[in-house]
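Each chain, letter by letter, is given below.
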Amino acid sequence: MKSELELRGVQQRFHARGVADGYVTAVDDVSFSLLASPPQIVSLVGQSGSGKSTIARNVLGLQKPTAGSVLYGGKDIFKLSRAEYDAYRRDVQPVFQDPYAIFNPFYRVDRALWKAVKKFKLADTRAAGLELIEESLQAVRLEPENVLGRYPHQLSGGQRQRIMLARVHMLRPSFIIADEPVSMLDAQVRKHFLDILLDFQREHGMTTLFITHDLSTVYYLGGEVMVITKGQIVERGSVATVMHEPSHPYTKLLLDSIPQPDPDQRWTSRIQVDELDHLDDNTPADTTQPEAPII
Amino acid sequence: SGGGSYSDKPANNNKPVATKSIQIGKANIPVPRDQSVIVGQVEYTVFDSFNGMIPNGSPSGAGVELSTEPLFYLSFATGEMRPWLATEYKYNDDHTEVTFKFDPKAHWNDGQPLGAADFKFTMLLLRDRPDLFGGGGELKEFVKDIEVPDAQTAVVKMLKPGPRFHYNFISAIAGPPLGIMPEHIWKSQDPTKFKDNPPVHSGPYKLKQAIRNQKMFIWEKDPNYWNKDKLDVKPQYVVYQSTSKQLDQASLAFERAEFDVGSVDEQHAKQLRNTGYPALQTTQFHDPNPRVLWLNCDPSRGVISEPKMRWAINYCLDREKIGKSIWPVPVPPAQYPWADYPTNDKWKNDELANKYKFEFNPDKATQLLDEIAPKNAAGKRTYKGKEINLEIITPSPVDGGEYAIANVLKTELAKVGVPATLRSLAGNVHDEKFQRGQYDIDSSWAGIAIDPEQLYSDWTSDKYQPVGKNAAGKNKLRYRNPKFDAISEKLAQLDPNSEEAKPLLNQALEIYFQDLPMLSVIQTGYPSYFNTTFWKGWPTDDDLYEVPLNWWQHFIFVLGKIEPTGQKGPA
Amino acid sequence: MTAEAPPAVAVDKSQDSAPVSGVRAWLSRHPLAAYALRRFGLYLIELWGALTIAFFFFRLMPGDPIQTLIQTLQQNYIYNAQASAEIIARYKHEFGLDGNLLTQYVVYMEKLVLHGDLGPSLINYPTPAQTVILRALPWTIGLLGISSVLAWILGVLIGAIAGWRRGKLGSAIATNLSIALSHVPYFFVALILVYIFSYSMGLLPARSAYDSNIEPAISLEFIGSVLKYGLLPGLSIVVIGTFSWILSTRMLMVPILGEDYLVYAEAKGLKSWRILTRYALRNCYLPQITAFGISLGFIFNGNVLVEQLFNYPGLGTTLVTAIQQLDFNTILGVTDMAIFSVLTAVLLLDLLLPLLDPRVKYWK
Amino acid sequence: MTMRILTAVLRTIRNSRRLATGLVILGVLVLLALFSPLIAKAIGGGQDPIELAAYDKWLVPGPGHLLGTDQFGRDVFAMVVKALAVSLQIGAIAGVISTVVGVIVAFVAGYKGGWIDGILSTFTGILLVIPTFPLLIALSAYAKNVSLFQVGVMISIFAWPFAAKTIRSQVLSLRTRPYVDLARVSKARDLEIITTELLPNLLPFIGVGFASSALGAIFGLVGLEIIGLGPGGVIDLGQIIYSAISTGALTLGAWPMFVVPVGLLTLLFAALNMVNIGLEEVYNPRLRGVAGE
Amino acid sequence: MPANVLEVKGLEVVYSTNRGDVQAVRAIDLDVRRGEILGIAGESGSGKSTLAVALLRLLKAPGKVTGGSVMFHPAGRSPVDLLKVQGEELRVLRWSALSYLPQGSMSSLNPVMRVHDQFKDVIVEHAPNRKEAVGDMIPRLLAQVGLEPRVARMYPHELSGGMKQRVLMAIAVALEPDLVIADEPTTALDVTIQRVILQSLADLRTDFGVTLMVISHDMGVHAQLADRVAVMYEGRLVEVGGVRQVFKDPQDPYTRQLIESIPRLGRKAS
Ligand SMILES: Nc1ncnc2c1ncn2[C@@H]1O[C@H](COP(=O)(O)OP(=O)(O)OP(=O)(O)O)[C@@H](O)[C@H]1O
Ligand SMILES: Nc1ncnc2c1ncn2[C@@H]1O[C@H](COP(=O)(O)OP(=O)(O)OP(=O)(O)O)[C@@H](O)[C@H]1O
Ligand SMILES: [Mg+2]
Ligand SMILES: [Mg+2]
């Protein structure tokens, strides 16, 4: 029972003055569950702003849903006892979207790994810890000497993402919550990365919730898929079924819009622009206002 | 060391070495320059009110002095007492009644006669209205009634002997403690609200204009002045004006003859002299207040309440050095708590002064200190088991003379093992602490006294207040000595010039020297600066015909003596 | 949008589709009005808080201010009479110092709010403090207001250009000068200006606000005189003020330079000046407006010494005089005034900025 | 941790010439201040050169007195050196206190959010608009005998809201960074996140806050002295300048009394400003390589 | 009219860094034919953007062109070497002959100017004679990319990413330039919007006859849009050819690898 992560009627609203009723509903009555065994890969696809990251934050306990609950081993994760909380933290770990912001620019990248070693008591001695770290780095096909002791800005995006993977490899959680881990990587590195995730599933029995807007990666990974739009899951099923026999029009539109890397399969029909235009949604308007200096 | 002092040689290279001619600047005044005397003064805040009975109801140092007159003038320079509004005062034998005769010619500047009725009106108003400044107090203590047998005669009947009652009507340096007000103006007014603007006073000048934004008062000669025969002032206008806050600016204005009186400091004056500036005339003026240190005699303040401690402090005072190097101009050391005017010489007693000789002698100080405040194991002086530390305060700013005096003392005290803290406190913050006795040493000035008993009467036990309570302008020293009290009480009943008073004064002086509640440090010299471009005949060191010689009330006598040079103002 | 989740209660309420109260519905449909209302509420709270803090600061002074005050005044007049209980009682009442602290506070606030009355001033008793302040205010606004605005305009312009043409000699000079001088207090510069223009060259007056030969009136002569007398004090504020605005504008400008829209504007082949004014400057002067609003408060603080130096009949001189005489009503009045004007300026700016800058969200 | 900060500091210094220059100037000034007692001793030759009437007054600069003497016959050079120490001290005291308080308030408000933030921010906002000068006077009347330290504390009382305001807005933007989330899923506690994740990244802002409080304090002190509420027994640079002004030293030809302390202060501001700007350049990747002149 | 709009010869660009110089573009020879859509492909860091900014003369320090020539043949004007023109000459050339479509969904539009004014800017600057016609031109241009006229009155932050990108496209062709260089025009957009944009780009060529140079790392984009594709690798041009040839019969091993590594629907991980 412990090895189940379940969302039950999760709803997440945010204050947004200017919207008719004062709130936006980012996640709307979402329920699904993830099983630790057999290990699986469940993908969540949807366009930007559809609520994917919000679900990830709910699952990770970083954001308390406004309604509904996230259950871990049958218990609400916001009401766990200390021991249960420790287990939950140990078992549910993320790989985040943005490889640039995930590291504190002030520290060397090893710190993220060492912190995991210390906080989760993965090793008793420094030497043992180092061994663990090196092993995990190798598992994600990074040379420890190329990575350790470097600052984040000295590494490429792909390298950074893989360090996050190494962290997960070290922790061996039952669940990986991967929020767009590959969107910023180029094709080759991306493939590489996906292969590692598949490895994890196969060799270490980790279940992954894979969040993406890119259907081709979903296809590559296989397993289950859920399609989300406007906070609601509109379609779910095995990748094969959903990709080949989409039932929801939104899924069809998504599939249709992927540019096929084949000049012989060019689009012949046009899609209508106005059905996509929303004046107030997506693209978070940049709110970065330089702070006025105080004179 | 060094190549001498800055003002020894012309500092400004762009100026000729000796200016024989004066570059006359355009004074910032709205009246003809050659008919005006311009007095440089400090800050004014009040421009529309001339009621001295309410807080800040009247400006001071703004020329009001030229339009108000006392009953008598006393010149410290000559010792001469000049009857003015009154022609005489006369006590009865037991000093319980005093009669003032008024000059029949006297009238207010609105033409109404001035006399005994106004006197009576003013005195009774103040006696009965303790909520007015000057009200209650002395008058309530002494005045039973006032009779006015005729328009020029006022007879004050007193509740107890008051041989110094007439002091209240003498202008000695500043104005008299009590001035009289025209009954016909004030009778129908609420004295807490009335502004008396423009003021109905008497005096050779009348207010022409007060300009707030220029911080300026313009006084114009009153053509109907009642006492023209005795005093014919020469300038048509006297302008009182705030000077620049920076000394270089202020003195530049002086140099350009934009001011006739004041507006330059000693250092810049020295520079002017050295550059051959022809129109500067400097006259020394001794403030009737010597610089003194007030010492707190309250036992709760610890070691400072010991006379020996006060003597130790006395031995630490290097009066010569202070007089020579600290004060802006060289001044003599002081031993008596009054100014060294010839008028005051009669209060001196050289025999006593020699017996209690004031000298700079740190060794003697150390001896005394070892007796009362031995050093503890840590090498710190202690009094009754507590380490001593003196709190010195002063109302003077940190670059002022009194601060510097205190600073020199502090340094010397440190050398004999007495640590002290020194703080300059702004006006009321200082007064608050001073009045409440929350200090050990206060570096400031003595009060003005016409005779010593005036000082002593503030130091008696009945005026004592414990530390923390406001001593209300009286015994701020918290001095208590029954013997001194007794002498002071007897003196209070006597004419100070009488034979009986003499031995008592000597006794009091001896007690003063023994206990030293107040330490005189130096006689205070203030140079006064006059510009001779437009006016000549100012008082000089050789012919010091008047003190005080600038903006105070006695200034009218200076204005009566000066003459125009004939210099025309700039276009 | 704010990061926190709404309280569960609020969610439940909207879920069971209970009719939302009329006002709330209206407000949610008119976000600008809702914002203005909230902002105004905050303004009132801040105003009240600041006035209260200022009041208690002064009233918690140790000792008995009125007693000291009367004592001092009596000494000034060489009245040797003891301050009578009557005098003390009388002026305690006059100055609003009788009763316990809370009563004093209530009385003070009541007078202030209902009648705009700050109580009698001491430096010019019995003139009310507000009269004393209002008398000085036009001069301060004239001198400091104009020169602060001028400094702001110059500083923002030069700063923008310095950021824009960074790497050029002129820009380097402006920047480094600003670095060195932007924190120098006004009165240092004032002194140097006085030394040069007034002392050495005798060109400009360094005292007072206008020529006393001229009667104050709306005449060319008078205005000319006011300008002439205001030139030096004004200039000292403008010089240093400009430097600090240069520095901060440049700091705002430099990151903007990396913005894509500037590269894009360049690619559009627009003239350099046009890019600077329409693209770069327009994006960095808005925060400077807010900063200017806040800096208004320091006009009351920092320029006191300049006025003092020039014997200028403004608020600064009044404040110093009031301080020297411990005129609490006036000091507190000036303080209240500063608080009021800064808060009001910031309020107005906050309400106006969303209209000026399309990016500023009024629910920030 | 300390090692790491040290290397980070070294790294940043290497990256900015302006920062390095600022630090060097600052270092020289601090050294000068540290050695001021020795310098004064050397000048005085057994005697205290800044004792009143130690020498004749208003001596022109010469071999004996490099910068001449003042109106009380004190050696101006010795005064300036000692005053520099005092000014630096007051700056440091007020800078440290207001920065520490400001940082704590900013972190509590910015990180906790909610009503705590509401209250703290409103309070800071209120303090920000109260003009400090009159209040400083009221405050100094409280203290019986203000020491340098107490004056520093008083000035800090009004300086911290500035630091708090700028830093809070930074905390607000930093606390949503992914690395904070990463720390949270790594079981880090709030305090740990604040101190180890957020604080280091705020160093430049803290530096700016420190510098402006320090500068503010140095001038605040002058203001207090002018109204006679300064700390007893010490001379600071502002005081020398003020005294030069009020005595008209410039026209007397005693220019060192004005020029030297003004120069030192300007140097100090310039140094602090350079450090600030340098720090921002180094930490703000957008400014990197762009801001350099 | 010459058949080539642009003839790049031996272009070299270097970035100097404190760890030595980085050769971002190495000896590139490339012709752009009039009226075609040329795709530039290559993995991240291969120098695509550097090439674009060098051609547009927008290269900023520490970047520096160290060699080569770029002959530009605008219609109705004499050919110029883009690397040599300076100041006013360059400014005049911009937009009316050579325009730029940045990856603008977020930040290429001035946030404080209405869309309308950002159009007007270029028109006033480069075609003052058409100032009067602005009122008609803008709605027409917007309609061309499928936007309503009211968009002109909006501020950038009121537009979605896709709308911004289309506004930029409309601005890019406002003066009917000879060549439009588009750097990653769809990268930050959703697939659905990307498709719309790609459609519109194709329309632009049809409607305005402009020549397009489209930079993207997404091979799918090139397959859908380009006539010819140039593949870059480590600053070099490894292959240029017709789109079909490049995809079906890649000559260079790197190109082959690039095409193979694309995860695509219908090809599952083994
Ligand atoms: N902290 C927040 N405060 C307010 N609104 C938020 C917050 N986080 C997300 N939202 C809103 O919730 C909606 C869903 O956002 P979310 O980040 O979950 O989308 P996403 O599917 O992850 O998008 P992307 O693919 O761009 O990452 C969006 O409209 C977003 O603006
Ligand atoms: N300002 C710069 N300083 C130093 N090196 C740079 C700079 N800009 C780019 N480079 C380097 O030049 C090379 C080419 O970069 P460029 O941005 O042209 O690549 P790209 O093909 O556009 O990549 P992407 O697909 O990620 O946009 C890279 O190795 C990059 O690191
Ligand atoms: Mg997301
Ligand atoms: Mg690129």
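Only a predicted model underlies this, so the values are computations on that prediction, with no experimental measurement involved.

## A closer look at the overall build of chain C
Then, number 1: Scanning chain C for helices and strands turns up 15 helices and zero strands.
Then, number 2: Each of the 364 residues in chain C was classed as buried or not, and the buried ones make up 58%.
Then, number 3: Contacts in chain C between residues far apart in sequence, at least 24 positions, make up 73% of those at least 6 positions apart.
Then, number 4: Taken as a whole, chain C presents about 14,800 Å² of accessible surface, with 70% of it coming from carbon and sulfur.

## Things to note about the interface of chain A and chain E
Then, number 1: Contact residues are listed per partner, giving 39 residues for chain A and 46 residues for chain E.
Then, number 2: Roughly 4,200 Å² of surface becomes buried between chain A and chain E when both sides are summed, with 57% attributable to carbon and sulfur atoms.
Then, number 3: Run the count over chain A and chain E and you get three salt bridges.
Then, number 4: If you look at where chain A meets chain E, you find ten residue pairs in polar contact (both at pLDDT 80 or more).
Then, number 5: Among the elements that make up the side of chain A that touches chain E, the one with the highest residue count is helix H10 (residues 249–257) of chain A (five residues).
Then, number 6: Of the residues contributing to the side of chain A that touches chain E, the split by class is 19 nonpolar, twelve polar and eight charged.

## A look at the site of ligand 1
Then, number 1: In the vicinity of ligand 1 lie 14 residues, with Ser48, Gly49, Lys52, Ser53 and Thr54 of chain A positioned nearest.
Then, number 2: Those chains with residues close to ligand 1 are chains A and C.
Then, number 3: At 2.6 Å from an oxygen atom of ligand 1 is found a side-chain nitrogen or oxygen belonging to Ser53 of chain A.
Then, number 4: For ligand 1, an oxygen atom lies 3.2 Å from a polar atom in the side chain of Glu180 of chain A.
Then, number 5: Protein chains bury 71% of the 630 Å² of accessible surface belonging to ligand 1 in isolation.
Then, number 6: No other element matches the three residues that helix H1 (residues 52–59) of chain A contributes to the shell around ligand 1.
Then, number 7: Classifying every residue of the shell around ligand 1 by side-chain character gives three nonpolar, nine polar and two charged.

## Looking at the environment of Pro261 of chain A
Then, number 1: Here Pro261 of chain A is to be found in the segment after H10.
Then, number 2: In this structure the C-alpha to C-alpha distance between Pro261 of chain A and Asp124 of chain A, which are 137 residues apart in sequence, comes to 51 Å.

## Re a negative patch on the surface
Then, number 1: Among the surface-exposed residues, Glu131, Glu134, Glu143 and Glu145 of chain A lie close enough to one another that they form a single negatively charged patch.
Then, number 2: Structurally, the position occupied by Glu145 of chain A is in helix H5 (residues 144–147).

## Observations concerning the packing of helix H4 (residues 76–112) of chain D against helix H7 (residues 148–174) of chain D
The axes of two packed helices give the description: the angle between them and the distance between them.
Residues and elements named next belong to chain D.
Then, number 1: Viewed as axis vectors pointing N to C, H4 and H7 meet at an angle of 40 degrees, and their least axial separation amounts to 5 Å. One way to sum up the angle between H4 and H7 is to call them oblique. Read as a crossing pair, H4 and H7 show a hand that is right-handed.
Then, number 2: By residue class, the composition of the contact of H4 with H7 is 24 nonpolar, six polar and one charged.

## What about helix H6 (residues 101–115) of chain C?
Residue and element names in this part refer to chain C.
Then, number 1: The end-to-end C-alpha distance of H6 is 21 Å, a good match for the 21 Å that 15 residues give at a rise of 1.5 Å each.
Then, number 2: Burial in H6 covers these residues: Gln104, Tyr105, Tyr108, Met109 and Leu112. Viewed end-on, H6 has its buried residues packed into an arc of 120 degrees, placing them on one side of the element. Summarising the geometry of H6, the exposed residues directed more than 90 degrees from the buried face are Leu102, Leu114 and His115.
Then, number 3: If you check the start of H6, you find a side-chain oxygen 3.1 Å away from the backbone N of Leu102, and it comes from Asn100.
Then, number 4: Following H6 by one or two positions, Gly116 adopts a phi angle in the positive range, close to 60 degrees.

## Some details on the UniProt feature "transmembrane region" (unreviewed entry) in chain C
Residues and elements named next belong to chain C.
Then, number 1: Per the UniProt entry, the sites bearing "transmembrane region" (unreviewed entry) are residues 40–58, 141–164, 184–206, 226–247, 284–306 and 337–356 in this numbering.
Then, number 2: In the segment residues 226–247, helix accounts for 100% and strand for 0%; the C-alpha atoms at its two ends are 31 Å apart.
Then, number 3: Taken end to end, residues 337–356 has its terminal C-alpha atoms 27 Å apart, with 100% of it in helix and 0% in strand.

## With respect to the confidence of the model for chain C
All names here are of chain C.
Then, number 1: Per-residue pLDDT for chain C averages 78, and the proportion of residues at 70 or more is 83%.
Then, number 2: The least confident element of chain C, judged by mean pLDDT, is helix H1 (residues 8–15) at 37; the most confident is H6 at 90.
Then, number 3: Within the model, pLDDT remains below 50 along residues 1–19, and this stretch shows 28 contacts once partners closer than five positions in the same chain are excluded.
Then, number 4: Long-range and interchain partners of residues 77–81, a stretch whose pLDDT sits below 50, account for 15 contacts in this model, where long-range means more than four residues apart.
Then, number 5: Two summary scores accompany this predicted model of the complex, namely pTM at 0.77 and ipTM at 0.74.

## Considerations on the nonpolar core
Then, number 1: One finds Phe187, Phe188, Phe310 and Ile339 of chain C together with Ile130, Phe258 and Leu265 of chain D to be the most contacted residues of the largest nonpolar core, which totals 141 residues.
Then, number 2: Beyond its immediate chain neighbours, meaning those up to four positions away, Phe258 of chain D contacts Phe188, Leu191 and Ile192 of chain C together with Ile241, Ala244, Ile245 and Leu250 of chain D.
Then, number 3: Counting 83 residues, the second largest nonpolar core, distinct from the first, contains Tyr44, Ile185, Phe285 and Val547 of chain B.

## Quick look at the site of ligand 2
Residues and elements named next belong to chain E.
Then, number 1: Around ligand 2 lies a shell of 13 residues, among which Ser44, Gly45, Lys48, Ser49 and Thr50 are the nearest.
Then, number 2: Taking Ser49, its side chain carries an N or O atom lying 2.6 Å from an oxygen atom of ligand 2.
Then, number 3: Within the side chain of Thr50, an N or O atom sits 2.3 Å from an oxygen atom of ligand 2.
Then, number 4: Compared with its free state, where it exposes 630 Å², ligand 2 has 63% of that area covered by protein.
Then, number 5: Mapped by element, the contributors of at least two residues to the shell around ligand 2 are strand S1 (4–17) and helix H1 (48–56).
Then, number 6: A total of three residues in the shell around ligand 2 trace back to one element, the largest contributor, which is H1.

## Concerning the sheet that holds strand S2 (residues 20–33) of chain E
Residue and element names in this part refer to chain E.
Then, number 1: Reading across from one edge, S2-S1-S4-S5 is the order of the four strands in this open sheet, with antiparallel pairing throughout. Lying at the two open borders of the sheet, with one neighbouring strand each, are S2 and strand S5 (80–81).
Then, number 2: Both strand S4 (residues 63–72) and S5 contribute to a ladder of two bridges, which runs antiparallel. Considered in S5, the bridge of Phe72 is made with Val80.
Then, number 3: Helix-sheet contacts for H1 involve S1, S2 and S4, and the interaxial angle to S1 is about 115 degrees.

## Let's talk about the packing of aromatic side chains
Residue and element names in this part refer to chain B.
Then, number 1: In total, this model carries 55 aromatic pairs over all chains according to the counting rule given.
Then, number 2: A ring pair is formed by Tyr44 and Phe47, whose centres lie 6.4 Å apart and whose planes are at 85 degrees; its orientation type is edge-to-face.
Then, number 3: Under the relative-accessibility criterion, Tyr44 is labelled buried at 4%.
Then, number 4: Under the relative-accessibility criterion, Phe47 is labelled buried at 6%.
Then, number 5: Grouping aromatic residues by their ring pairs yields a cluster made of Trp311, Tyr315, Tyr336, Trp338, Tyr356, Phe358, Tyr456, Trp459, Tyr479, Phe484, Tyr512 and Phe513.

## What to know about the pattern of salt bridges
Then, number 1: This structure, assessed with the given rule, holds 59 salt bridges over all chains.
Then, number 2: Across the pair Lys105 of chain B and Asp103 of chain B runs a salt bridge whose closest N-O atoms are separated by 3.8 Å.
Then, number 3: A residue is classified by how much of its surface remains accessible, and Asp103 of chain B, at 7% relative accessible area, is buried.
Then, number 4: A salt bridge links Arg184 of chain D to Asp181 of chain D, with the shortest nitrogen-to-oxygen separation between them at 3.8 Å. Here Asp181 of chain D and Arg184 of chain D lie together in helix H8 (residues 178–185), a separation of three residues that amounts to about one turn.
Then, number 5: The network of salt bridges with shared partners includes Lys271, Arg274 and Arg278 of chain C together with Glu88, Arg91, Asp121 and Glu125 of chain E.

## Things to note about the state of the cysteines
Residue and element names in this part refer to chain B.
Then, number 1: Inspection of every chain in the model, using the stated rule, returns zero disulfides over all chains.
Then, number 2: Sulfur of Cys297: no disulfide; nearest cysteine sulfur belongs to Cys316 and is 17 Å away.
Then, number 3: Judged by relative accessible area, Cys297 falls into the buried class, the value being 9%.
Then, number 4: Judged by relative accessible area, which is 2%, Cys316 ranks as buried.

## Section: the environment of Tyr336 of chain B
Residue and element names in this part refer to chain B.
Then, number 1: With respect to the secondary-structure elements, Tyr336 resides in the loop between helix H7 (319–326) and helix H8 (350–355).
Then, number 2: In this structure Tyr336 comes out as buried when scored by relative accessible area, which is 7%.
Then, number 3: Sequence separation of Tyr336 and Lys348 is twelve residues, and the distance between their C-alpha atoms is 7.6 Å.
Then, number 4: Excluding its chain neighbours within four sequence positions, the residues that come into contact with Tyr336 are Pro290, Lys348, Asn349, Asp350, Ala353, Leu509, Phe513, Ser520 and Gln523.
Then, number 5: For Tyr336, the side chain forms a polar contact with the main-chain oxygen of Asn349, separated by 3.1 Å.

Reading the values: the criteria
Residues numbered from 1 in each chain as written. Chains lettered and ligands numbered in written order. Predicted model: local features only at pLDDT ≥ 70, side-chain atom pairs only at ≥ 80, totals over all residues. Heavy atoms only, no water. Helix = DSSP H or I, 4+ residues; strand = E, 2+ residues; numbered from the N terminus. Buried < 20%, exposed > 50% of the residue type's maximum accessible area, 1.4 Å probe, protein only. Contact = heavy atoms within 4.5 Å. Areas by Shrake-Rupley, 256 points an atom, 1.4 Å probe, with all protein chains shown as cover. Buried area = accessible area lost by both parts, 1.4 Å probe. Salt bridge = Lys/Arg side-chain N within 4 Å of Asp/Glu carboxyl O. Polar contact = N/O pair within 3.5 Å; in protein donor to acceptor, adjacent residues only side chain to side chain. Nonpolar A, V, L, I, M, F, W, Y, C, P; charged D, E, K, R; others polar. Near = heavy atom within 4 Å. Patch = residues over 30% accessible without salt bridge, like charges linked within 9 Å, V, L, I, M, F, W, Y side chains within 5 Å. Lys, Arg positive; Asp, Glu negative; His and termini not counted. Charge placed at Lys NZ, Arg CZ, Asp CG, Glu CD. Axes fitted to C-alpha atoms, helices over the stretch in contact; angles between N-to-C directions. Parallel < 35°, antiparallel > 145°, perpendicular 65-115°, else oblique. Left-handed = near helix turned anticlockwise from the far one by under 90°. Expected span 1.5 Å × (residues − 1). Arc of directions from axis to C-beta. UniProt positions renumbered as here; feature names shortened; annotations may be inferred. pLDDT = per-residue confidence, 0-100. Core = buried A, V, L, I, M, F, W, Y, C linked by side-chain atoms within 4.5 Å. Pairing = 2+ DSSP bridges. Phe/Tyr/Trp six-rings, centres within 6.5 Å; stacked < 30°, edge-to-face > 60°. Disulfide = S-S within 2.5 Å.

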